[in-house]
Amino acid sequence: MAEPLQVKGFAWLNLLRFVKEKFGAAAVQQLAGAFPQYKAHFDEHAVLPIGWLPGAMHLGAVSWVVTQYYGGTTEGARRFGGELAARNVSSTFSSFARLEDLKVALSSTERAFGTFYSRGQMKLTLHGDVLDAHLADFPDANPIFGNVLGAGMMAFLHAGHVEGALLHVTTGADFIHYQVKLQAVPVSSPTPVPMAPPRG
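Not measured: the values here are computed from a predicted model.

Engineer: Can you lay out the packing of aromatic side chains for me, pointing to particular residues and giving the numbers?
Structural biologist: How two aromatic rings sit relative to each other is set out by the distance from centre to centre and by the angle between their planes. Enumeration over the complete set of coordinates arrives at eleven aromatic pairs. Consider the rings of Trp12 and Phe42, whose centres lie 5.2 Å apart with planes at 80 degrees: the pair is edge-to-face. Remark: Phe42 occurs in the loop between helix H2 (25-34) and strand E2 (52-54) and Trp12 occurs in helix H1 (residues 9-23); sequence separation between them is 30 residues. By the burial criterion, Trp12 is buried, and Phe42 matches it.

Engineer: Can you explain the confidence of the model for the chain? Please cite residues and give values.
Structural biologist: Reading predicted coordinates in detail is not appropriate for stretches of low pLDDT. Per-residue confidence for the chain averages 85 on the pLDDT scale, and 83% of its residues sit at or above 70. Confidence drops under pLDDT 50 across residues 93-97; counting only partners more than four residues distant or on other chains, this segment forms 15 contacts. Counted against residues more than four places away or in other chains, residues 188-200, with its pLDDT under 50, gives three contacts.

Engineer: Run through the environment of His58, naming residues and quoting values.
Structural biologist: Here His58 shows up in helix H3 (residues 55-69). With 52 residues separating them along the chain, His58 and Gln6 place their C-alpha atoms 8.5 Å apart. When neighbours within four sequence positions are excluded, His58 is seen to be in contact with Val7, Ala11, Trp12, Leu15, Tyr117 and Phe145.

Conventions used here
- Residues numbered from 1 in each chain as written.
- Predicted model: local features only at pLDDT ≥ 70, side-chain atom pairs only at ≥ 80, totals over all residues.
- Heavy atoms only, no water.
- Phe/Tyr/Trp six-rings, centres within 6.5 Å; stacked < 30°, edge-to-face > 60°.
- Helix = DSSP H or I, 4+ residues; strand = E, 2+ residues; numbered from the N terminus.
- Buried < 20%, exposed > 50% of the residue type's maximum accessible area, 1.4 Å probe, protein only.
- pLDDT = per-residue confidence, 0-100.
- Contact = heavy atoms within 4.5 Å.

Here it is in structure tokens:
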């Protein structure tokens with residue numbers, strides 16, 4: 001039997017703090033009230049950033065926030081995903097701002113996903129100016145979370161100086177597939193040739 005999806009504590013804390021900062025402490029209390037079975041995990045002091053927490057709680061909370069504060073729409077899900085990811089990039093993954101190469105930006109985005117969840121394999125493949133991103137082995141995938149995650153992926157690419165537009169999001173029972181139209185990509189910076197020492 002496959003292991004259930006789990007999420008890292010730092011990702012859960014980022015979500016709770018985002019909700020508190022944007023909508024107030026009462027919103028966090030309302031969110032906690034919607035998931036009484038996970039009451040202990042809403043105490044920030046009891047959550048270890050490097051520990052694992054139930055993925056079902058995380059996905060459920062994301063859907064709740066989108067429904068309550070972003071209209072429950074695709075557009076709202078993407079807006080929330082972008083805002084939430086921007087908070088991650090500005091703190092936990094601030095090193096993305098120093099990326100200057102497309103291959104490095106793509107591989108770093110793939111690896112970044114693996115730091116959030118216990119399951120799921122993200123593969124980014126470039127076809128000309130269209131980027132295919134396929135997330136496999138991700139249980140309980142759904143359209144709302146797919147669009148939240150897609151906007152988050154775009155935020156990470158943007159932080160790596162890759163600009164583009166999210167064209168399509170397709171979700172299945174255990175996968176999410178994205179297509180991104182690239183508009184601007186970074187180029188590798190040439191390594192300077194060291195100067196020869198002067199001859200005496």
